[in-house]
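What follows is the residue order along each chain.
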Amino acid sequence: LVMVFYGSNGKSNPVSMENKVEHQAKNEITYDIHLPSDLGMLYKVRLGLQSLENSISQLCLRHFKMQNTSTLDTFSLTINKTLPLSPNGDRWIEFPVEWPLKEVLSVVTYHLTVFSRNILSERNLVHMTACIYGTHGDTGDRSLLWSLQNIQQGEDNESFLVIVDAVELGELDKVVLLISSKTDCKLDIKKLHLKEAVKEHPIYVFEVNEAFSVHANKPEIQREIPVSFVIKGDKKKNDIDNNLHKEGSQARNLTEYTIKVYTGDKRGAGTDANVHIILFGNEDKSEVFQLSQSLEHQDPFERGKVDTFKINTKKLGSLHSIEIGHDGKGFASGWFLEKVEITDASRNSVYCFNCNR
């Protein structure tokens, strides 16, 4: 277990939790650590696993408490997360430190889109990380190839989305890529797009346009890429959209989602059972909705059919998953669900959740 502390004057070196046990109770360990006095006011902590090669493959974190023994200022936070965040996944989590009477930063989900030519075919051979820098510090090295989303592949190009959760970085200024491999390979990277998940703009563009050759004489390559330009979007249009959205939110404080449910074209695919759905976003989750009033069919969820439903719920942010199921009612209630498409018109976003079972 390693921690990195960020202060108003810089950050600490990684502080290893090895051999620093002062007192250990059931499910609770206390460490006595010494930080440089010139860090200034602490504003965030990055906590993670230095390596997954030792005997501990997972670490379940419940609660974090920190006290300055000189001033007795105390900070505590309930975490309830397990590292890594998924199999072979991100080994780090970040959280802001909130002191009395001090402004606290928020945790932001960043979308990093990588445009390349051959990373997808080589991803099992290489290890690739990115450290994102901004006016409020950096993310540390985060793995880019553990959970790829929105994969697009063409003849001579490809792109994929990587999701990084971090304490807000402010204005972004550079990305440091670290590429390593135990075998010879070549990665052709064109550019990176980086933005906050909940915002369409600004988009920070990092032009790379380089083929990285990893081999025995150069098993690791590090490259610092400064921001090339920033796409800020149509400010006037954004202001109008934001005002309209704000007025609508004040009137109803609800967001409308259009849900398209695709039942597979297989024998026995349809169901007469009662289907429900829950939407999960990076800001909140919805209540349980019964999908009963299809806009197309009086008898929904029949073989090879698409049924559309509209629901109104609180602001959820960027959707990342859904729960969908049925109550098993009726004869032969088994249901072959092909996919679910959800449109959030307020964010001009369409989310596709494939099931195929």
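Here the structure is a predicted model, which is why all the values come from computation and not from measurement.

1. Observations regarding the overall build of the protein
Within the protein one finds 2 helices and 27 strands. Within the span of the protein, comprising 357 residues, buried residues form 39% of the whole. When contacts within the protein are restricted to residue pairs at least 6 apart in sequence, those whose partners lie at least 24 apart make up 66%. As displayed, the protein has an accessible area near 20900 Å², and 46% of this comes from carbon and sulfur atoms.

2. With respect to the nonpolar core
One finds Met128, Leu177, Ile189, Leu192 and Leu194 to be the most contacted residues of the largest nonpolar core, which totals 34 residues. Contributing elements (two or more residues each) for this core: strand E10 (107-116), helix H1 (119-122), strand E11 (126-134), strand E15 (158-167), strand E16 (172-181), strand E17 (185-196), strand E18 (203-214) and strand E19 (220-226). Apart from the residues lying within four places of it in its own chain, the contact partners of Ile189 are Val114, Phe115, Ser116, Ile119, Met128, Leu177, Ile179, Val208, Asn209, Glu210 and Phe212.

3. Regarding the sheet that holds strand E23 (residues 289-290)
The strand order E23-E22-E25 describes an open sheet built from 3 strands, whose pairing is antiparallel. Bordering the open sheet on either side are E23 and strand E25 (319-326), each of which pairs with just one other strand.

4. Some words on the pairing of strand E9 (residues 92-96)
Across the 5 residues that make up E9, a large majority, 5, are buried. Every second residue of E9 is oriented toward a common face, with Trp92, Glu94 and Pro96 on one face and Ile93 and Phe95 on the other, all of them buried. Where strand E6 (residues 42-48) and E9 come together, 5 bridges link them in antiparallel fashion. Bridged to Gly48 within E9 is Trp92.

5. With respect to the sheet that holds strand E26 (residues 337-344)
Within the open sheet, the 4 strands sit side by side as E24-E21-E26-E27. Their pairing is antiparallel. Of all strands in the sheet, those with a lone pairing partner are strand E24 (306-313) and strand E27 (349-354), marking the two edges. Taking each pair of neighbouring strands and ignoring which way they run, the sheet shows an average axis angle of 20 degrees. Pairing between E26 and E27: 6 bridges, direction antiparallel. Residue pairing in the sheet places Glu341 in a bridge with Cys352 of E27.

6. Thoughts on the confidence of the model for the protein
Mean pLDDT over the protein: 84, with 88% of residues reaching 70 or higher. Of all the helices and strands in the protein, helix H2 (residues 235-252) carries the lowest mean pLDDT, 51, while E26 carries the highest, 94.

7. Some words on the side chain of Glu158
The topology assignment puts Glu158 in strand E15. A relative accessible area of 6% means that Glu158 is categorised as buried. In this structure the side chain of Glu158 is engaged in a polar contact, spanning 2.8 Å, whose partner is the side chain of Ser116. Polar contacts involving the side chain of Glu158 include one to the main-chain amide nitrogen of Leu120, which spans 3.0 Å. When neighbours within four sequence positions are excluded, Glu158 is seen to be in contact with Val114, Phe115, Ser116, Arg117, Asn118, Ile119, Leu120, Gln152 and Gln153.

8. Digging into the packing of aromatic side chains
Counted by the stated rule, this structure contains 6 aromatic pairs. Ring centres 6.2 Å apart and planes at 15 degrees place the aromatic pair Phe75 and Phe95 in the stacked group. Remark: Phe95 occurs in strand E9 and Phe75 occurs in strand E8 (residues 74-83); sequence separation between them is 20 residues. Each of the two residues, Phe75 as well as Phe95, counts as buried. Residues Phe301 and Phe309 carry aromatic rings whose centres are separated by 5.7 Å and whose planes lie at 20 degrees to one another, so their mutual orientation is stacked. Relative accessible area serves as the criterion here: at 1%, Phe301 is assigned to the buried category.

9. Brief notes about the pattern of salt bridges
Enumeration according to the criterion identifies 14 salt bridges in this entry. Of the charged contacts in the structure, one is a salt bridge between Glu224 and Lys174, with a shortest N-O distance of 3.3 Å. With Glu224 in strand E19 and Lys174 in strand E16, the pair connects residues that are 50 residues apart, well separated along the chain. Between Glu341 and Lys339 there is a salt bridge, with its nearest N and O atoms 3.3 Å apart.

10. What about the environment of Leu192?
By the element assignment, Leu192 lies in strand E17. Along the sequence, Leu192 and Leu112 sit 80 residues apart, while their C-alpha atoms lie 6.8 Å from each other. The contact partners of Leu192, leaving out residues within four places of it in the chain, are Leu112, Thr113, Val114, Val175, Leu177, Tyr204, Val205, Phe206 and Val208.

11. Side note on unusual backbone geometry
With an omega of 0 degrees, the peptide bond between His201 and Pro202 qualifies as cis. The residue Pro202 is located in the loop between E17 and E18 in this model. In the Ramachandran plot, Asn80 falls in the positive-phi region, its phi being about 50 degrees despite a non-glycine side chain. Exposure remark for Asn80: the relative accessible area of 46% places this residue in the partly exposed category. Even without being glycine, Phe301 reaches a positive phi, approximately 65 degrees. Here Phe301 is to be found in the loop between E23 and E24.

Parameters at a glance
Residues numbered from 1 in each chain as written. Predicted model: local features only at pLDDT ≥ 70, side-chain atom pairs only at ≥ 80, totals over all residues. Heavy atoms only, no water. Helix = DSSP H or I, 4+ residues; strand = E, 2+ residues; numbered from the N terminus. Buried < 20%, exposed > 50% of the residue type's maximum accessible area, 1.4 Å probe, protein only. Contact = heavy atoms within 4.5 Å. Areas by Shrake-Rupley, 256 points an atom, 1.4 Å probe, with all protein chains shown as cover. Core = buried A, V, L, I, M, F, W, Y, C linked by side-chain atoms within 4.5 Å. Pairing = 2+ DSSP bridges. Axes fitted to C-alpha atoms, helices over the stretch in contact; angles between N-to-C directions. pLDDT = per-residue confidence, 0-100. Polar contact = N/O pair within 3.5 Å; in protein donor to acceptor, adjacent residues only side chain to side chain. Phe/Tyr/Trp six-rings, centres within 6.5 Å; stacked < 30°, edge-to-face > 60°. Salt bridge = Lys/Arg side-chain N within 4 Å of Asp/Glu carboxyl O.

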